[in-house]
Amino acid sequence: MVNWFQSIHVSGALQALFLFLILTREKNNSRANKIFSVLMLLIAINMLVVFLTYEKYEDTGSRIGIIFSNCFNLLYGPFLMLYTLALVKASCRFHSTDLLHFIPTALFGLLRALPLLVPALREGRFNAFLNVSFMAGTRITIIFGFAYTVLSLFILKRYRRRLSEYYSGSGRVRLYWLRQLLLAALAIWLVSFLSTFEPAGGAMISSALSWTASLGGIFLLFAIGYFTTVQPEVLAETPASIQGSAPASSKENAYLSSTVQDRYVKNRLDESSERTLLATLLRFMKSDRPYLNPTLTIVQLSEMSGIPAHHISMVINLYLKKNFYSFINGYRVEEAKARLADASLTADKLLSIGLDSGFNSKSSFNAVFKRFMGLTPSGYRNMVRAQVPHVKSGPSL
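Per chain, residue numbering runs from 1 following the sequence as it is written. Only residues with pLDDT of at least 70 get local features here, since the model is predicted, and only at 80 or more are side-chain atom pairs given and counted; chain-wide, interface and lining totals rely on the full set of residues. Hydrogens are left out, water is left out, and the side-chain values use all remaining heavy atoms of the structure.

Once that is clear, we can look at the overall build of the protein. In this text, helices come from DSSP runs of H or I with a minimum length of four residues, and strands from runs of E with a minimum of two, each type numbered from the N-terminal end. When helices and strands are tallied, the protein shows 18 helices and zero strands. For every residue, the accessible area (1.4 Å probe, protein chains only) is compared with the maximum for its type, and the residue is labelled buried under 20%, exposed over 50%, or partly exposed between those bounds. The buried share among the 397 residues of the protein stands at 45%. Using a 1.4 Å probe, accessible areas were evaluated by the Shrake-Rupley method; residue-level cover was limited to the displayed protein chains. Accessible surface for the protein amounts to roughly 20800 Å². Of this, 63% is attributable to carbon and sulfur atoms.

Below, the structure written as structure tokens:
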């Protein structure tokens, strides 16, 4: 009879298969989506295998299924890392060296399959060794996936740090949703690892942790399905102009670890020329208000103002102590503050004010405004109204 453990794995397999179909049918399918679709297919197959082999360890078919399941667990980490790379690097291509990430899977599968392939090994010390080391192998697969997920977070962190120097927007291109996905995956790996030990409290705690990890994985799959259905923009490829706007990968570490002074040493002008460039930039920002464009990049600002992009980055970092992201969003916050305090705009909804100020969504408006001002846009509007009693109250979100 099918129990609850099997039932949740079937539901997870169906959800993963559903995501696989969505991703493969996506128009203008990106490289990242193709990698993610393969990952979803692996998860679907793995969960079906778990369903079919549950508490069946003796027959050959079940043992083969368990071997495949263990190997699939080793594939999750590398595919997650390749997916992250495909999202953040425009020049990312699959190379033969990427196959090195899958060597542990092949070796592990071969080791586990030897007793099935060589009858002489089905008995004796070798087979006993494999049976004893089964749980150790499970722990290794979990550690392997955990390590690759940490690596994916590190790749994403470097990308987002570079992004602040070249892009003014937030939201999809900053890949907040991917960070949440990776953190959730880390939590699931951790709980799965803890479930492989039997604490002093007995097998019940271990079983509860195993259930928690399984339910967490299913919940994560349904969350991904929800966001890809309700917010399909998460499937869209990160614009190549954003991916390619960061320094070359060979120079990344030196660039990020350097001080501001060292970073621009090759592009420095005399102080008088630099201050003239800064004054020109500030006049342009005031007169043309380019920050109202929610997708403004440093390259676009360079083209509009006639100031080289590396000089823009240099003067705002050296003299204003800001990166491009903070520089542009500072203007947007000031624009929003003026609109929130404008008595003639009290009937305007907060979302409209945010969009008119250059933000691309309500969430980014709230997050950036609170980061700069220490309170939300609605809180700021209420504070202004309290200070100016004659301002009429208007509807807000």
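Below, the discussion takes up the packing of aromatic side chains. Stacked, edge-to-face and tilted labels apply to pairs of Phe, Tyr and Trp rings (six-membered ring for Trp) whose centres lie within 6.5 Å, assigned for plane angles under 30 degrees, over 60, and everything in between, in that order. Considering all chains together, one arrives at eight aromatic pairs under this definition. Between Tyr291 and Tyr331, the aromatic rings sit 5.3 Å apart at their centres with planes inclined by 20 degrees, giving stacked as the arrangement. A residue pair is termed long-range when its members are at least 10 positions apart, and Tyr291 in the loop between helix 12 (271–288) and helix 13 (298–305) and Tyr331 in helix 15 (residues 324–341) qualify at 40 residues. For the ring pair Phe365 and Phe369, a centre distance of 5.9 Å and an interplane angle of 75 degrees mean the geometry is edge-to-face. Remark: Phe369 and Phe365 occur in helix 17 (residues 362–373); sequence separation between them is four residues, near one turn of the helix.

This part is about the environment of Leu282. The topology assignment puts Leu282 in helix 12. Each C-alpha atom, one on Leu282 and one on Ile316, is 9.9 Å from the other, the two residues being 34 residues apart in sequence. Any two residues having at least one pair of non-hydrogen atoms within 4.5 Å are treated as being in contact. The contacts of Leu282, once residues within four sequence positions are left out, are Leu320, Phe327 and Tyr331.

Here Asn33 shows up in helix 2 (residues 31–53). Once the C-alpha coordinates of Asn33 and Ala86 are considered, the two residues, 53 residues apart in sequence, prove to be 8.8 Å apart.

As a further point, take the nonpolar core. A general trend in soluble globular proteins is that nonpolar side chains are found buried together. If you look at the biggest cluster of nonpolar residues, it comprises 52 residues, and the most contacted ones within it are Phe36, Leu39, Met40 and Ile43. Going through the elements one at a time, helix 1 (4–24), helix 2, helix 3 (60–88), helix 6 (134–163), helix 7 (176–194) and helix 8 (203–230) are the ones with two or more residues in this core. Residue contributions to this core peak at 14 residues, all from helix 3. Residues enter a nonpolar core if they are buried and are Ala, Val, Leu, Ile, Met, Phe, Trp, Tyr or Cys, with the set joined through side-chain atoms within 4.5 Å. Counting 19 residues, the second largest nonpolar core, distinct from the first, contains Tyr166, Leu278, Phe324 and Ile328.

What follows is about a nonpolar patch on the surface. Like charges are joined within 9 Å and nonpolar side chains (Val, Leu, Ile, Met, Phe, Trp, Tyr) within 5 Å, but only among residues with over 30% relative accessible area and no salt bridge; these make up the patches. By convention in these notes, a salt bridge is any Lys or Arg side-chain nitrogen within 4 Å of a carboxyl oxygen on Asp or Glu. Taken together, the side chains of Phe146, Val150, Leu190 and Leu194 make up a nonpolar region of the molecular surface, amounting to roughly 320 Å² of accessible area. The set of elements that each furnish at least two residues to the nonpolar patch consists of helix 6 and helix 7. Counting through the fold element by element, Phe146 comes out in helix 6.

With respect to the helices and strands, the residue Tyr380 is situated in helix 18 (residues 377–387). Classification of Tyr380 as buried rests on a relative accessible area of 11%. Separated by ten residues in sequence, Tyr380 and Lys370 have C-alpha atoms that sit 9.3 Å apart. Not counting chain neighbours up to four residues away, the residues in contact with Tyr380 comprise Lys337, Leu340, Phe369, Met373 and Leu375.

For the rest of this paragraph, the subject is the side chain of Ser37. Note that Ser37 resides in helix 2. Under the relative-accessibility criterion, Ser37 is labelled buried at 6%. In the analysis that follows, any N or O atom pair within 3.5 Å is treated as a polar contact, provided that within protein one partner can donate a hydrogen and the other can accept it, and provided that, for residues neighboring in sequence, both atoms belong to side chains. In terms of polar contacts, Ser37 uses its side chain to reach the backbone carbonyl oxygen of Lys34, at 2.6 Å. Discounting residues that sit within four places of it in the chain, Ser37 has contacts with Phe20, Leu23 and Thr24.

Such coordinate-based values are descriptive only and should not be taken to indicate function.
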